[in-house]
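Each chain is listed here by its residues.
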Amino acid sequence: MSEIVLETRNLVRRFGAFLATNDVSLKVERGARHALIGPNGAGKTTLINLLTGVLPPSEGQVFLEGEDITSMASFRRVKRGLTRTFQINQLFNEFTPLETVALAIAEREGVGHNLWRSIAGYGKVIDEAAALLARFGLSSVMGERTVILPYGKQRLLEIALAFASKPRVLLLDEPAAGVPEDERHEVLQIVADLPADVTVLLIEHDMDLVFSFANRISVLVAGAVFVEGTVAEISTDPRVKAVYLGENA
Amino acid sequence: MLTILFDGIAYGMLLFILACGLTVTLGLMNFINLAHGAFAMAGGYVTVVMMNRYGISFYWCLPAAFIVSALIGLVLERTLYQWLYQASHLDQVLFSIGIVFMAIAATDYFMGGQQQLINLPPELSGRMDVFGVGIGRYRLFTIIICAVLAVALQLILSKTRFGSRLRAAVDDRRVAMGLGINVPLVFALTFAFGSGLAGLGGAMGAEILGLDPNFPLKFMIYFLIVVSVGGTSTVSGPFLAALLLGIADVAGKYYVPAIGPFVIYALMIVMLIVRPNGLFSRGGR
Amino acid sequence: MSVLPQETTVSASSSTAAAETRAAKLMKRRSRIRFYEIIVWIAAIAAYFLLPSKMLILTEIAILALFAVSLDLVLGFAGIVSLGHTAFFGLGAYVAGLMALHFIAEPVTGLIVAGITSGVLGLLTSFLILRGSDLTRLMTTLGIGLMMAEVANQMAWLTGGADGLSGFSPGPILGMFEFDLFGKVGYLYCVGVLFIGTMIMRRIAFSPFGLSLKAIKGNPMRSAMVAVPGRKRIVTAYTIAAVFAGMAGALLTQTTAFVSPDVLAFHRSADVLLVLVIGGTGYLYGGIFGAILFTLVKDWLSVITPQYWMFYIGLLLVILVLIGRDRLSRWVEYLPERFSKKEDR
Ligand SMILES: Nc1ncnc2c1ncn2[C@@H]1O[C@H](COP(=O)(O)OP(=O)(O)OP(=O)(O)O)[C@@H](O)[C@H]1O
Ligand SMILES: [Mg+2]
């Protein structure tokens with residue numbers, strides 16, 4: 001029995017009278033490849049927002065490695081190894097990819113508060129940033145302003161940026177959406193190659209991808225967990241099919 | 001004591017009328033219009049000119065102030081403001097400060113820098129005694145007019161088609177456009193209406209608040225307090241905030257004259273810390 | 001790199017090495033001294049020799065420049081629109097005046113005390129700007145500015161009320177350089193402080209801290225998601241900016257031997273915003289370029305229309321915004337970056 005790293009208890013989030021997250025209790029084991037699926041508007045992104053502190057929950061609690069982080073600031077959660085990517089790119093438009101990634105690495109290394117030394121003096125940080133960008137095929141554009149990069153490159157940077165924080169728990173909100181076909185596979189390969197002790201929670205609409213990647217799947221419908229199980233259980237569950245066909249077809 | 005309360009209420013009501021146009025531009029259209037007071041000042045000067053130069057009755061001046069300010073608002077909205085709805089807040093701040101500066105200098109040029117006085121009609125001046133409480137007639141008049149306006153406003157926003165269109169336009173511009181609502185027109189009319197109300201407030205306030213070219217700067221902070229403390233989701237929020245501010249200000253100046261203005265700034269800062277989304281906003285979000 | 005387990009192939013590692021070299025180069029390039037920086041300081045010195053009759057306005061420019069550069073740290077880096085930056089300028093001005101009047105006439109001491117006092121006020125008030133939206137920040141900064149003006153007005157026994165503070169004269173700088181009648185020493189003193197202040201803020205700008213400020217401005221949500229402690233950073237930046245704004249105020253007091261209540265007036269907060277907007281935000285020298293342009297324009301306007309120059313300043317603001325201040329202030333990017341021409345990217 002492996003340990004639970006991320007857990008929610010009776011999580012509820014309302015927008016006005018609308019229930020976007022409805023009593024979600026979720027447990028994610030260390031090293032899991034856990035997929036979160038569900039039709040559009042099911043509340044997947046909202047759940048990630050609650051987990052990362054972008055939104056406060058209306059009710060319920062969030063635990064990270066056994067500790068209650070419900071009211072902890074986002075940046076502290078990241079420091080504790082929980083980070084994410086965004087479904088819609090959230091980048092620093094005026095930064096270059098190099099600056100973007102270097103910032104994240106500097107913060108992770110705890111030198112972000114230094115206001116006297118030039119960032120150019122942190123050789124280790126810059127080397128690591130360069131290597132990470134090379135890994136994501138971004139070396140050639142590392143000196144351009146992010147806002148002028150093609151969408152596919154921005155998407156890669158979005159994911160590279162989450163990697164820069166070296167998360168122990170990584171939440172990916174439709175990471176491959178918008179990545180050019182030829183780079184799509186590469187992105188998912190990078191995610192799949194993460195060390196086994198890194199826990200991944202993946203939101204993805206492509207079922208084939210989900211079934212080949214995940215070892216556990218939660219299906220979210222109308223804000224609540226509809227079913228949860230192994231790939232084998234979910235892929236054969238007729239109710240899941242009905243939900244998807246009913247909503248999407 | 002009760003007299004102070006009464007004066008405070010009159011003052012607060014006036015602030016509400018002055019500021020409620022700002023509630024809409026700021027709260028609903030998300031435009032930081034620091035020049036709102038300039039429209040109020042325009043209304044005030046319209047009254048002064050009509051009464052003192054042409055001897056027109058005060059009662060005619062009030063609608064005239066409304067109309068002139070609304071027209072100015074309409075013209076400025078169509079020519080300038082509309083381009084900045086999507087601009088950054090910094091741009092809006094700079095732009096509206098620019099308008100304030102221009103308004104101040106232009107007023108100074110045409111009207112001179114001195115305080116303007118108006119002679120109220122005799123039936124509105126003086127005090128009367130009601131159960132031992134000294135009540136200024138003009139203040140009573142102000143309260144009545146403002147209360148009627150506040151109720152009318154609430155009804156317009158919640159009951160009429162224009163109100164629902166405005167709310168739709170504000171909620172989601174694109175959807176409203178799709179529904180065939182002429183969003184720019186709705187915005188322009190709203191802006192003009194808000195400016196007109198400010199002008200009316202300026203006309204009525206010339207007696208109570210005073211009127212000189214620095215009016216827009218002097219009262220900028222008051223308007224902003226009303227809006228930010230009252231929140232922008234309702235009419236009643238800013239209304240209560242304005243009342244509270246009016247009473248606090250009058251009482252502060254009366255009981256602790258040395259630190260009078262201090263009281264409201266301190267109050268405002270405390271409120272902003274405790275309730276950054278406004279005192280009466282529906283929490284959450 | 002431990003995230004990336006299979007960096008083994010020769011080609012991969014050699015391309016990584018190439019990337020590292022380029023990254024190091026790019027990063028050094030970021031903080032390199034620009035061509036215009038050198039020009040600015042040479043011009044400042046040259047002005048001393050070439051324009052001996054213009055010392056007063058040049059001094060005014062240097063003071064306004066320091067004030068604007070300090071605001072840039074808040075506005076251009078952290079992205080906080082402040083309508084009350086003059087609270088710190090004014091406090092520094094009064095503290096320097098009171099120091100000279102009651103304690104020590106030596107200016108540098110007064111300058112430092114003024115900076116520290118303003119910094120303390122900055123630190124205390126920075127907590128008020130952490131919450132809420134742009135609007136609440138505008139309100140609180142404006143409120144703090146107005147409150148300071150009110151305090152100065154009410155505490156007439158200390159501040160001289162509406163008459164201001166006078167009757168003191170600053171002693172020789174560091175006990176050595178006496179202020180002269182033509183303001184030459186005063187000018188050099190102000191330029192010296194401006195230089196040191198700008199250099200300090202420049203270091204901050206290119207540090208990891210400076211980068212994180214820009215990240216907070218660019219995208220606060222994402223900056224939190226890369227572990228930037230936004231509030232702490234804003235508190236620090238705001239405090240530092242307050243220190244330099246206070247010093248700018250102190251310079252004004254010391255070079256004019258007078259403190260007027262006008263140092264806390266709202267229009268000063270608006271002016272300094274305009275200065276930054278003219279010069280461009282986010283690269284520090286915008287404050288200096290803006291101060292030069294603003295002061296010259298204002299000086300010219302107050303000659304042709306002494307009473308109504310405010311109108312044209314307002315007009316300038318409106319036009320600037322309508323044209324698009326980004327486009328306007330991007331002119332700096334067209335300045336040559338360095339002396340040698342070609343440079344690989
Ligand atoms: N800030 C908000 N205010 C109001 N409603 C919101 C807000 N954020 C999300 N919602 C609503 O909550 C519901 C869930 O949204 P969410 O983005 O979590 O869905 P999702 O499962 O991620 O969908 P998708 O597959 O399209 O990304 C939607 O109906 C959405 O309209
Ligand atoms: Mg989503």
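Residues numbered from 1 in each chain as written. Chains lettered and ligands numbered in written order. Predicted model: local features only at pLDDT ≥ 70, side-chain atom pairs only at ≥ 80, totals over all residues. Heavy atoms only, no water.

Student: Which parts of the structure should I look at to understand the overall build of chain B?
Tutor: Scanning chain B from terminus to terminus reveals 11 helices and 2 strands. Secondary structure of chain B in N-to-C order comes out as α-α-α-α-β-β-α-α-α-α-α-α-α. Taken over the C-alpha atoms alone, chain B extends approximately 60 × 45 × 35 Å along its principal axes. Relative to all contacts within chain B whose residues are 6 or more apart in sequence, the contacts with residues 24 or more apart total 76%. Carbon and sulfur atoms form 67% of the exposed surface of chain B, whose accessible area is close to 12000 Å². A gap of 10 Å separates the mean positions of the 16 positive and 11 negative side-chain charges of chain B. (Helix = DSSP H or I, 4+ residues; strand = E, 2+ residues; numbered from the N terminus. Contact = heavy atoms within 4.5 Å. Areas by Shrake-Rupley, 256 points an atom, 1.4 Å probe, with all protein chains shown as cover. Lys, Arg positive; Asp, Glu negative; His and termini not counted. Charge placed at Lys NZ, Arg CZ, Asp CG, Glu CD.)

Student: Help me understand the site of ligand 1, please; the structure alone is not making it clear to me.
Tutor: Residues and elements named next belong to chain A. Taken together, 13 residues lie near ligand 1, and Gly41, Lys44, Thr45, Thr46 and Gln87 sit nearest. Within the side chain of His205, an N or O atom sits 3.1 Å from an oxygen atom of ligand 1. Expressed as a share of its isolated accessible area of 640 Å², the protein-covered part of ligand 1 is 61%. Elements represented by at least two residues in the shell around ligand 1 include exactly strand E2 (18–29) and helix H1 (44–52). Per element, the largest residue contribution to the shell around ligand 1 is 3 residues, and it comes from H1. Here the residues of the shell around ligand 1 are counted per class, giving 4 nonpolar, 7 polar and 2 charged. (Near = heavy atom within 4 Å. Polar contact = N/O pair within 3.5 Å; in protein donor to acceptor, adjacent residues only side chain to side chain. Nonpolar A, V, L, I, M, F, W, Y, C, P; charged D, E, K, R; others polar.)

Student: What is the right way to look at the packing of aromatic side chains in this model?
Tutor: Any aromatic ring pair is given by two values, namely how distant the centres are and how the planes are angled relative to each other. Applying the stated criterion to the full structure yields 30 aromatic pairs over all chains. An angle of 70° between the planes, with centres 5.6 Å apart, marks the rings of Tyr36(C) and Tyr285(C) as edge-to-face. Of this pair, Tyr36(C) sits in helix H2 (residues 35–50) while Tyr285(C) sits in helix H13 (residues 285–304), placing them 249 residues apart in sequence. With relative accessibility at 12%, the residue Tyr36(C) sits in the buried group. Residue Tyr285(C) is classed as buried on the basis of its relative accessible area, which comes to 2%. Chaining the aromatic ring pairs together yields one cluster made of Phe31(B), Phe39(B), Tyr81(B), Tyr85(B), Phe95(B), Phe187(B) and Phe191(B). Sitting above the plane of the Phe226(A) ring, Arg239(A) keeps its charged end 5.7 Å from the centroid. Cation over ring: Lys184(C) sits above Tyr48(C), and NZ or CZ is 5.2 Å from the ring centre. (Phe/Tyr/Trp six-rings, centres within 6.5 Å; stacked < 30°, edge-to-face > 60°. Buried < 20%, exposed > 50% of the residue type's maximum accessible area, 1.4 Å probe, protein only. Lys NZ or Arg CZ within 6 Å of the ring centre and 35° of its normal.)

Student: Looking at this structure, I do not really get the sheet that holds strand E5 (residues 67–68) of chain A. What am I missing?
Tutor: Paired through their backbone hydrogen bonds, the strands of a sheet run either parallel or antiparallel. All names here are of chain A. If you walk across this open sheet you meet the 4 strands as E2-E1-E4-E5, and the pairing is antiparallel. Each of the sheet's edge strands pairs with one partner strand only, and the pair in question is E2 and E5. Where strand E4 (residues 59–64) meets E5, 2 bridges bridge the pair, whose relative direction is antiparallel. For Leu64, the partnering residue across the bridge sits in E5 and is Glu67. Relative to the sheet, H1 contacts strand E1 (4–15), E2 and E4, its axis offset from that of E1 by approximately 115°. (Pairing = 2+ DSSP bridges. Axes fitted to C-alpha atoms, helices over the stretch in contact; angles between N-to-C directions.)

Student: Which parts of the structure should I look at to understand the pairing of strand E3 (residues 33–37) of chain A?
Tutor: In summary, the side chains of a regular strand alternate between the two faces of the sheet. Residues and elements named next belong to chain A. Most of E3 sits out of view: 5 of its 5 residues are buried. Every second residue of E3 is oriented toward a common face, with Arg33, Ala35 and Ile37 on one face and His34 and Leu36 on the other, all of them buried. As defined by bridge partners, E3 adjoins strand E8 (residues 199–203) across 4 bridges and the pair is classed as parallel. Residue pairing for E8: His34 is matched across the bridge by Leu201. The pairing of E3 with strand E9 (residues 216–221) spans 4 bridges and is parallel. Its bridge partner lying in E9, Ala35 is registered against Ile217.

Student: Would you take a moment to explain the environment of Leu90(B) for this structure?
Tutor: In this fold, Leu90(B) is placed in helix H4 (residues 89–111). Residues Leu90(B) and Ile32(B), 58 residues apart in the sequence, show an inter-C-alpha distance of 8.8 Å.

Student: Sorry if this is basic, but what is going on with the interface of chain A and chain C here?
Tutor: Accessible area lost upon the coming together of the parts serves often as the stated size of an interface. Taken together, the contact between chain A and chain C spans 52 residues of the former and 43 residues of the latter. Interface area, chain A with chain C, both sides summed: about 4300 Å², of which 68% is carbon and sulfur. For the chain A face of the interface with chain C, the top three residues by lost area are Leu115(A), Trp116(A) and Ile119(A), together amounting to 14%. On the surface where chain A and chain C come into contact, there are 3 salt bridges. Glu107(A) is the salt-bridge partner of Arg233(C), the closest N and O atoms lying 2.6 Å from each other. Linking chain A to chain C there are 14 residue pairs in polar contact (both at pLDDT 80 or more). Among the secondary structure elements, those contributing two or more residues to the side of chain A that touches chain C are helix H2 (74–79), strand E6 (82–84), helix H3 (97–108), helix H4 (123–135) and helix H5 (151–164) of chain A. The greatest single-element share of the side of chain A that touches chain C, amounting to 8 residues, is contributed by H4(A). (Buried area = accessible area lost by both parts, 1.4 Å probe. Salt bridge = Lys/Arg side-chain N within 4 Å of Asp/Glu carboxyl O.)

Student: Sorry, what's going on with the coordination of the magnesium ion (ligand 2) here?
Tutor: As a benchmark, a tetrahedral metal site with four donors has ideal angles of 109.5 degrees, while an octahedral site with six donors has ideal angles of 90 or 180 degrees. Residue and element names in this part refer to chain A. Protein coordination at the magnesium ion (ligand 2): the donors are Thr45 (OG1) and Gln87 (OE1), at 1.9 to 2.0 Å from the metal. Taken together, the residues Thr45 in helix H1 and Gln87 in the loop between E6 and H3 connect sequence positions 42 residues apart. Take Thr45: its relative accessible area is 26%, and that puts it in the partly exposed class. (Donors = N, O, S within 2.8 Å, 3.2 Å for Na, K, Ca; no water.)

Student: Would you mind showing me how to read the side chain of Glu204(A) here?
Tutor: All names here are of chain A. Relative to the elements of secondary structure, Glu204 occurs in the loop between E8 and helix H7 (207–213). There is a polar contact of 3.1 Å between the side chain of Glu204 and the backbone nitrogen of Asp206. Setting aside residues no more than four positions away along its own chain, Glu204 makes contact with Leu36, Ile37, Glu174, Pro175, Ala176, Arg184, Leu209 and Val210.

Student: Sorry, what's going on with the packing of H5(A) against helix H6 (residues 181–192) of chain A here?
Tutor: Packed helix pairs are characterised by how far apart their axes lie and by the angle those axes make with each other. Residue and element names in this part refer to chain A. The contact between H5 and H6 brings their axes to 12 Å, and the two run at 5°. By the angle class used here, H5 and H6 are roughly parallel. Touching Lys153, Leu156, Ile159 and Phe163 of H5 are Glu183, Val187, Ile190 and Val191, all from H6. Classifying every residue of the contact of H5 with H6 by side-chain character gives 6 nonpolar, no polar and 2 charged. (Parallel < 35°, antiparallel > 145°, perpendicular 65-115°, else oblique.)

Student: Explanation requested: the pattern of salt bridges in the structure shown.
Tutor: Oppositely charged side chains are able to pair whenever their charged atoms sit close together. Residues and elements named next belong to chain A. Taken as a whole, this structure holds 19 salt bridges over all chains when the rule is applied. Across the salt bridge formed by Glu65 and Arg30, the nearest N and O atoms sit 3.1 Å from each other. Taken together, the residues Glu65 in the loop between E4 and E5 and Arg30 in the loop between E2 and E3 connect sequence positions 35 residues apart. Connected through salt bridges with shared partners, the residues Glu3, Arg30, Glu65 and Arg168 form a single ionic network.

Student: Mind showing me how you'd approach the pairing of strand E10 (residues 224–229) of chain A here?
Tutor: Relative to E10(A), E9(A) is paired through 5 bridges, and the arrangement is antiparallel. Paired with Val219(A) across the two strands is Val227(A), which belongs to E10(A).

Student: What is the right way to read the sheet that holds E3(A) from this model?
Tutor: Residue and element names in this part refer to chain A. If you walk across this open sheet you meet the 6 strands as E6-E7-E8-E3-E9-E10, and the pairing is mixed. Looking along the sheet, the strands with just one partner apiece sit at the ends: E6 and E10. Strand-to-strand twist across the sheet, computed as the mean angle between neighbouring axes with direction ignored, equals 20°. Inspection of the sheet shows E6 paired to strand E7 (residues 169–173) by 3 bridges, in the parallel sense. By the bridge assignment for E7, Arg84 is matched with Leu171.

Student: What's the story with a nonpolar patch on the surface in this structure? I'm lost.
Tutor: Residues and elements named next belong to chain B. A surface patch of nonpolar side chains, about 730 Å² in accessible area, is lined by Met1, Leu2, Leu5, Tyr254, Tyr255, Val256 and Ile259. Taken together, the elements giving at least two residues each to the nonpolar patch come down to helix H1 (2–28) and helix H10 (236–255). Relative to the helices and strands, Tyr254 is located in helix H10. On the accessibility criterion, Tyr254 (55% relative accessible area) is exposed. (Patch = residues over 30% accessible without salt bridge, like charges linked within 9 Å, V, L, I, M, F, W, Y side chains within 5 Å.)

Student: Help me understand the confidence of the model for chain C in this model?
Tutor: Interpretation of the predicted coordinates at a detailed level should be avoided for regions scoring low in pLDDT. Residue and element names in this part refer to chain C. With 90% of its residues at a pLDDT of 70 or more, chain C shows a mean pLDDT of 86. Ignoring residues within four places in sequence, the model shows residues 1–10, a span with pLDDT below 50, making 16 contacts including any to other chains. The ipTM value of the predicted complex is 0.91, and its pTM value is 0.88. (pLDDT = per-residue confidence, 0-100.)

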